[in-house]
Amino acid sequence: MEIIFYHPTFDTQWWIAALEKQLPGARVREWKSGDNEPADYALVWHPPVEMLQGRELKAVFALGAGVDSILSKLREHPEMLPLSIPLFRLEDTGMGLQMQEYAVSQVLHWFRRFDDYQALKQETRWEPLPEFTRDEFTIGIMGAGVLGSKVAESLLAWGFPVRVWSRSHKDWPNVQSFAGESEMGEFLRETRVLINLLPNTAETVGIINHALLNQLQDQSYLLNLARGVHVNEDELLRALENGKVKGAMLDVFSREPLPVESPLWRHPRVAMTPHIAAVTRPQEAIAYIGKTITGLERGEAVTGQVDRARGY
Ligand SMILES: NC(=O)C1=CN([C@@H]2O[C@H](COP(=O)(O)OP(=O)(O)OC[C@H]3O[C@@H](n4cnc5c(N)ncnc54)[C@H](OP(=O)(O)O)[C@@H]3O)[C@@H](O)[C@H]2O)C=CC1
Ligand SMILES: O=C(O)C(=O)CO
């Protein structure tokens, strides 16, 4: 079995050795421009069109959870990957735990008013504030997929009321489920902390805008863990000014790296990280890819295939 590998930043030689160990008998090579030799599988992140175009592959694996960058390239170059070749993505592979860590720590930060105490400290003020209660701290998660479900689970364990919004209804214990545009208003009305874990698709671009933020509780919080294009940053800044949103924690931005002139850098109630909410954990990713390729070779049912028509 021949596997080609391309990632712009990963330690390719390490990955090749680990993949060959996971899949005995497989030969894994780094794809370089001009390499048109046959391959059975391709493992990629931001692949050049030339790498995939015209190849008779059994499957392509994205080395991350979101496939928006591959799908947007495919819109311009559909010849890069015919529909007959399945595209897989990483399902969790250690990202669920990272998203849990991020979401729980930030929700607790807001819940225990550490943001307010930090602001008071700037003014050298010693001032105990009224506590928030969990029933005024409903968590609303947009996107109830692999990562949204893990985040829901962890916040439930901390005793917060949790609701999710997705395309289809979920039947999860102790979680209120809302689906589709028709139930979005009801989902937002009680939400105090909005956590975004949607994929980037034609339907979700710009979804967190003035109209949406306006339907949240006053003094809400936004945690964007998914993609920058989901949030209209100017409208978020306006919502921070008019009190609809009290604080935002952003991991992803409409342009990355975030340009220095963006007012988000300087806003006192915006915190940020540089797109590190959940990174690909090599060992878990390799175990998943190995298991999936083995399943495909045996003709077994496997999970993680992207529905290209749906966009995730
Ligand atoms: N910041 C970071 O470091 C990282 C960010 N990410 C981002 O997180 C995203 C989510 O990942 P993951 O949980 O694995 O994805 P999944 O595909 O497992 O879940 C997607 C969820 O979004 C819902 N959804 C999709 N479209 C719509 C829509 N139009 N309206 C309502 N709900 C919708 C789906 O609904 P349904 O269940 O009904 O299908 C599903 O619940 C990734 O696409 C990626 O962009 C991922 C990893 C790291
Ligand atoms: O896996 C993804 O989609 C990411 O955003 C990794 O940072």
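Reading guide: rules and limits
- Numbering of residues starts from 1 in every chain and runs along the sequence as written.
- Starting at A for chains and at 1 for ligands, labels are handed out in the order in which the entities are written.
- Where local features are concerned, this predicted model is filtered to residues with pLDDT of at least 70; where side-chain atom pairs are given and counted, the filter is 80 or more; whole-chain, interface and lining totals use all residues.
- No hydrogens and no water enter the side-chain calculation; it runs on all heavy atoms of the structure.
- Those domain boundaries reflect an automatic or database domain assignment.
- For this analysis, residues touch if any pair of their heavy atoms sits within 4.5 Å.
- Summed over both partners, buried area is the accessible surface (1.4 Å probe) that two parts give up on being assembled.
- One speaks of a salt bridge when a side-chain nitrogen belonging to Lys or Arg is within 4 Å of a carboxyl oxygen belonging to Asp or Glu.
- In the scheme used here, Gly and all other residues not listed as nonpolar or charged are polar, with Ala, Val, Leu, Ile, Met, Phe, Trp, Tyr, Cys and Pro taken as nonpolar and Asp, Glu, Lys and Arg as charged.
- Nine residue types can take part in a nonpolar core, namely buried Ala, Val, Leu, Ile, Met, Phe, Trp, Tyr and Cys, and a core is a set of them joined through side-chain atoms within 4.5 Å.
- Burial status follows relative accessibility: with a 1.4 Å probe on protein chains alone, a residue under 20% of its type maximum counts as buried, one over 50% as exposed, and anything between as partly exposed.
- By definition, any uninterrupted DSSP run of H or I lasting at least four residues is a helix, any uninterrupted run of E lasting at least two residues is a strand, and each is numbered from the N terminus.
- UniProt positions are given in the numbering used here, feature names are shortened, and annotations may be inferred rather than shown by experiment.
- Within 3.5 Å is the distance limit for a polar contact, defined as a pair of N or O atoms, with the added protein rule that one can donate a hydrogen and the other accept it, and that residues adjacent in sequence qualify only through two side-chain atoms.
- Distances are taken per atom, and a residue is near a molecule or strand as soon as one of its heavy atoms is within 4 Å of it.
- All accessible-area figures derive from a Shrake-Rupley calculation using a 1.4 Å probe, and residue coverage is judged against the displayed protein chains alone.
- Between any two strands, pairing holds if DSSP finds at least two bridges.

Caption draft 1: Here's a closer look at the domain arrangement of the chain. When the domains of the chain are assigned, the result is domain 1 (2–92 + 280–298) and domain 2 (95–272). One C-alpha centre belongs to domain 1, the other to domain 2, and the line joining them spans 33 Å. Facing the 10 residues of domain 1 at the interface are 9 residues of domain 2. Taking both partners together, domain 1 and domain 2 bury about 790 Å²; carbon and sulfur atoms supply 48% of that area. Looking at the side of domain 1 facing domain 2, the largest losses of area belong to Asp68, Asp92 and Arg281, adding up to 67% of the total buried there. Summed over the shared surface of domain 1 and domain 2, the number is 1 salt bridge. Asp68 is the partner of Arg227 in a salt bridge, and the nearest nitrogen-oxygen pair spans 2.8 Å. Looking at the side of domain 1 that touches domain 2 residue by residue, the classes come out as 2 nonpolar, 3 polar and 5 charged.

Caption draft 2: Seen up close, the nonpolar core. Val60, Phe137, Ile139, Leu155, Ile195, Leu225 and Ile289 are the most contacted members of the largest nonpolar core, which has 74 residues in total. Tallying contributions element by element places helix 4 (residues 95–111) first for this core, with 9 residues. Residue-level mapping places this core at the junction of two domains, with at least three residues from each of domain 1 (2–92 + 280–298) and domain 2 (95–272). Beyond its immediate chain neighbours, meaning those up to four positions away, Ile289 contacts Leu19, Leu43, Phe61, Leu63 and Leu90. Formed by 26 residues, the second largest nonpolar core is a distinct cluster that contains Trp165, Phe187, Ile208 and Val231.

Caption draft 3: Examining the UniProt feature "domain: D-isomer specific 2-hydroxyacid dehydrogenase NAD-binding" (unreviewed entry) in the chain more closely. In the UniProt entry, the feature "domain: D-isomer specific 2-hydroxyacid dehydrogenase NAD-binding" (unreviewed entry) is given for residues 105–277. The span residues 105–277 shows a helical share of 27% and a strand share of 18%, and its end C-alpha atoms are spaced 12 Å apart.

Caption draft 4: Representation of helix 9 (residues 233–241). What helix 9 keeps buried is the set Glu233, Glu235, Leu236, Leu237, Ala239 and Leu240. In this fold, the buried residues of helix 9 make contact with helix 8 (210–213), strand 10 (220–224), strand 11 (245–250) and strand 12 (270–272). Among the residues of helix 9, the N-terminal cap falls to Asn232, whose side-chain oxygen and the backbone nitrogen of Asp234 are separated by 3.2 Å. Once helix 9 finishes, Gly243 follows within two positions and takes phi at roughly 90 degrees, a positive value.

Caption draft 5: Inspection of the side chain of Thr280 at higher detail. Within the secondary structure, Thr280 is located in the loop between strand 12 and helix 10 (282–298). Residue classification places Thr280 among the buried positions, given a relative accessible area of 15%. At a separation of 2.8 Å, a polar atom in the side chain of Thr280 contacts the main-chain carbonyl oxygen of Leu63. Beyond its immediate stretch of four places on either side in the chain, Thr280 contacts Phe10, Trp15, Leu63, Gly64, Leu90, Met95 and Ala285.

Caption draft 6: Representation of the site of ligand 1 within the structure. Near ligand 1 there are 31 residues, and of these Leu147, Ser168, Lys170, Leu225 and Tyr312 occur at the shortest range. Between ligand 1 and Leu147, the relevant distance is 2.8 Å, taken from an oxygen atom to a main-chain nitrogen or oxygen of the residue. Asp251 places a side-chain nitrogen or oxygen 2.9 Å from a nitrogen atom of ligand 1. Within the complex, the protein chains bury 93% of what would otherwise be the 950 Å² of accessible surface of ligand 1.

Caption draft 7: Representation of the pairing of strand 3 (residues 41–44) within the structure. The alternating pattern of strand 3 places Tyr41 and Leu43 on one face and Ala42 and Val44 on the opposite face, and all of these are buried. As judged from the 4 bridges shared by strand 1 (residues 2–6) and strand 3, these two strands associate in the parallel manner. Of the residues in strand 3, the one forming a bridge with Tyr6 is Val44.

Caption draft 8: View of the site of ligand 2. In the vicinity of ligand 2, the residues found are Trp45, Gly64, Ala65, Gly66, Met95, Arg227, His275 and Ala278. Take Ala278: an N or O atom from its main chain is 3.4 Å from an oxygen atom of ligand 2. The fraction of the free accessible surface of ligand 2 (230 Å²) that becomes covered by protein chains is 84%.

Caption draft 9: Looking closely at the UniProt feature "active site" (unreviewed entry) in the chain. When the UniProt feature table is mapped onto this chain, "active site" (unreviewed entry) is found at Arg227 and His275. Across 49 residues in sequence, these annotated residues keep their C-alpha atoms within 8.8 Å of one another, forming a single compact spot. You can see Arg227 is positioned in the loop between strand 10 and helix 9. Discounting residues that sit within four places of it in the chain, Arg227 has contacts with Gly66, Asp68, Asn196, Asn200, Val252 and His275. Looking at the secondary structure, you find His275 in the loop between strand 12 and helix 10. The class of His275 is partly exposed, set by a relative accessible area of 33%.

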